[in-house]
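# Reading the structure
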Amino acid sequence: MAAQISITQATDAKAKQAFIELPYHLNAQDPNWRAPLRFLEKDRFNPQKNPGLAHIEAAYWLAKSEDRIVGRCASFINQLHQEKYQDSQGHFGFLDTHLDYPDAQGILLKASEDWLRAKGMKEICGPFNFSVNEECGMLVEGYDTPNYMLMPHGRPDYPATMETLGFAKAMDTVAYHGNTVDGYPRPPIVGKMVDHVERSKSLAIRPMKKGKFEEEIALAMDIFNDSWANNWNYVPFTDAQVQHMANDLSFVIQPDGFWFGEVDGVAKGFILMLPNINEAARDLDGRLFPFGWAKFLWRLKVSKVRSGRIPLNGIRQEVQKKRTGTALMLALHETCYAAMRPHKIHDVEMSWVLETNKDVQNMIELSGAKVYKRYRFYKKAL
């Protein structure tokens, strides 16, 4: 007979710490799980450190069997989402359960559903950790490779259970895997577009301006907000979130991975490739203290990591689906690849991309990159 599972809401500091720590225990034996850095994960749940929480009303749930914590889940209402969509859609995220307690997933999600229903929500959707701009989606393909930085991992039993609980697919996103070395020569269209930018008097590709880091991040995110405004469930970054992102990324961004595409001297697009810090921290269990910092920084700055991720890029809507926008985006990718190659970054993940965004998919595939992971968002009427 299976042990009974109870649900408690994590409200005090000790319980919230247990909520944060649980995935490190549950996934420790999975060779393809890469532990996020603990200090960043802790800051994510701290309203004084994470400005995104100013717009989130959340409840954190723990599943227990006797005195053992066997699962976690969060339910929350994103006020920025409500202001934009007015759809009474609540969200869930941070779903992790012990493999030996298969009932925990359903019990946790029921607690989330009940909480959201009591708050007046008409639908539950997720997973979001906490928003579409952070780790999100449930892995449904690609369990046999490690997760890159700021991307979720998962188990094959999670999606099957979602369906038995009455959840339906809302949207899929995909992650592409490519590299900076193979795939040459590119298809002729790539060369033509890059040549068009190089010959044009009005188009240009430029690197990040030195000494202007915060301003450049703000510019990139302004482009990103405009570029993604009409995408599924997109919620714009606030000014406070942009500043927070600049602070978090300052230690890892390399100038050679940050480029802008301009039209008549005005930035209309950008690309950002980051060294994959999950590779540098692969065996640290998320701990940089007391001795992990030395190994982490050595790998990141000296011996170098061999993988990188493009988490952010975009082209302003005014030039999307036009020759100018296509040429700038392809030239941005080729320039960034060439600049990062001497840094020993060869493997590159481009993620995530909506399954419905065929224009971006077609451009990515011109580099020879292939879809290697798929993530799913689920929804259910309340």
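Look up a bit, the structure's there.
Numbers given to residues run from 1 along each chain, matching the order in which its sequence is written. Totals for whole chains, interfaces and linings use all residues, but because this is a predicted model, local features are given only for residues with pLDDT of at least 70 and pairs of side-chain atoms are given and counted only at 80 or more. Hydrogens are left out, water is left out, and the side-chain values use all remaining heavy atoms of the structure.

A word on the environment of glutamate 134. Labels follow the DSSP assignment, with helices taken as runs of H or I lasting at least four residues and strands as runs of E lasting at least two, numbered in each case from the N terminus. Of note, glutamate 134 is situated in the loop between strand E6 (128-129) and strand E7 (135-136). Working definition: with a 1.4 Å probe on protein chains only, accessible area under 20% of the residue-type maximum means buried, over 50% means exposed, and in between means partly exposed. Judged by its relative accessible area of 26%, glutamate 134 is partly exposed. Glutamate 134 sits 177 residues away from proline 311 along the chain, and the two C-alpha atoms are 10.0 Å apart. Whether two residues are in contact is decided by their heavy atoms, any of which lying within 4.5 Å being enough. Not counting the four nearest positions on each side in its chain, glutamate 134 is found in contact with Arg44, Asn129 and Trp352.

Disulfide assignment relies on a single distance test, namely cysteine sulfur atoms paired within 2.5 Å. Scanning the entire structure with this criterion turns up zero disulfides. Left unpaired, cysteine 73 is separated from the closest cysteine sulfur, that of cysteine 125, by 13 Å. Note on cysteine 73: relative accessible area 0%, which makes it buried. In this model cysteine 136 remains outside any disulfide bridge; the closest cysteine sulfur is found in cysteine 125, 10 Å from its own.

Further remarks concern unusual backbone geometry. In this structure, the amide linkage connecting asparagine 129 to the following residue, phenylalanine 130, adopts the cis form with an omega of 5°. Relative to the helices and strands, phenylalanine 130 resides in the loop between E6 and E7. Cis rather than trans, the peptide bond between phenylalanine 289 and proline 290 has omega equal to 0°. Located in the positive-phi region is lysine 321, a residue other than glycine, with phi close to 60°. Among the secondary structure elements, lysine 321 is positioned in the loop between strand E13 (307-315) and helix H11 (323-340). Lysine 321 sits in the exposed class, given a relative accessible area of 73%.

Turning next to the packing of aromatic side chains. Here a Phe, Tyr or Trp ring, Trp counted by its six-membered ring, pairs with any other such ring whose centre lies within 6.5 Å, and the pair is stacked when the planes are under 30 degrees apart, edge-to-face when over 60, and tilted otherwise. For the structure on display, the rule yields 25 aromatic pairs. Between the aromatic rings of phenylalanine 39 and tryptophan 293, the centroid separation amounts to 6.4 Å while the plane-to-plane angle is 35°, which identifies the pairing as tilted. Linking phenylalanine 39 in helix H2 (residues 38-44) with tryptophan 293 in helix H10 (residues 292-303), this pair joins segments that are 254 residues apart in sequence. Under the relative-accessibility criterion, phenylalanine 39 is labelled partly exposed at 31%. For tryptophan 293, a relative accessible area of 26% puts it in the partly exposed group. An aromatic cluster is present here, built from Phe224, Trp228, Tyr234, Phe237, Phe258, Phe260, Phe270 and Trp352 joined pairwise through their rings. Both a distance and an angle decide whether a charge sits over a ring: NZ of Lys or CZ of Arg must be within 6 Å of the ring centre and within 35 degrees of the ring normal. The residue whose ring lies beneath arginine 38 is tyrosine 24, and the NZ or CZ to ring-centre distance is 3.9 Å. Over the ring of tyrosine 184 we find arginine 186; its NZ or CZ atom is 3.9 Å from the centre of that ring.

Bringing the pattern of salt bridges into the picture now. Whenever a carboxyl oxygen of Asp or Glu lies within 4 Å of a side-chain nitrogen of Lys or Arg, that contact is scored as a salt bridge. With the rule as written, the count across this model stands at 27 salt bridges. For the salt bridge of aspartate 96 with arginine 72, the shortest nitrogen-to-oxygen distance reads 2.9 Å. Of the two residues, aspartate 96 sits in strand E4 (residues 89-97) while arginine 72 sits in strand E3 (residues 68-78), which places them 24 residues apart along the sequence. For aspartate 96, a relative accessible area of 12% gives the class buried.

When two helices pack together, their arrangement is given by the angle between the helix axes and by the axis-to-axis distance. A fitted line through C-alpha atoms serves as each axis, taken over the contacting stretch for helices, and the angle formed by two N-to-C directions is quoted from 0 to 180°. Following both chains from N to C, one finds helix H6 (residues 188-199) and H11 inclined at 100°, their axes separated by 8 Å at the closest point. On the basis of the axis angle, H6 is roughly perpendicular to H11. Of the residues in H11, those touching H6 at Val190, Met193, Val194, His196 and Val197 are Arg323, Thr326, Ala327, Leu328, Leu330, Ala331 and Glu334. Residue polarity follows a fixed list, in which Ala, Val, Leu, Ile, Met, Phe, Trp, Tyr, Cys and Pro are nonpolar, Asp, Glu, Lys and Arg are charged, and the others, Gly among them, are polar. Taken together, the residues that form the contact of H6 with H11 break down as eight nonpolar, two polar and two charged. Here is the rule for angles: anything less than 35 degrees is roughly parallel, anything more than 145 is roughly antiparallel, 65 through 115 is roughly perpendicular, and the remaining ranges are oblique.

Attention now goes to the pairing of strand E15 (residues 370-381). The side chains of a regular strand alternate, residue by residue, between the two faces of the sheet. Two strands pair under a simple rule: DSSP has to find at least two bridges between them. Of the strand pairs in this sheet, strand E5 (residues 123-126) and E15 are connected by four bridges, and their pairing is antiparallel. The partner of cysteine 125 across the bridge, within E15, is lysine 379. Of the pairings in the sheet, the one linking strand E8 (residues 138-141) to E15 comprises three bridges and is antiparallel in character. In the sheet register, leucine 139 faces E15, and the bridge partner there is tyrosine 375.

Once that is clear, we can look at the layout of surface pockets. Both site types are read off a 1 Å grid over the protein atoms alone. A 1.4 Å probe that fits but cannot get out defines a cavity, while an open set with protein on both sides within 12 Å along at least five of seven lines defines a pocket; lining residues have an atom within 4 Å of a point. Grid points are joined across faces, edges and corners, and a volume is the space filled by probe spheres set on the points. When its volume is computed, the largest pocket comes out at roughly 730 Å³. In terms of lining, the largest pocket is formed by 30 residues, of which the most central are Gln320, Asn357, Asp359, Val360 and Met363. At the level of elements, E13, H11, strand E14 (347-354) and helix H12 (358-365) are the ones that each hand at least two residues to the lining of the largest pocket. No other element matches the six residues that E13 contributes to the lining of the largest pocket. A breakdown of the residues in the lining of the largest pocket according to their chemical character gives 14 nonpolar, 13 polar and three charged. Ala13, Lys16, Gln17, Phe19, Ile20, Phe39, Lys42, Asp43, Phe45, Asn46 and Tyr60 are the residues that line the second largest pocket. Among the elements of the structure, helix H1 (13-26) and H2 are those that each provide at least two residues to the lining of the second largest pocket. Sort the elements by how many residues they give to the lining of the second largest pocket and H1 lands first, with five residues. Of the residues that constitute the lining of the second largest pocket, the class distribution is six nonpolar, two polar and three charged.

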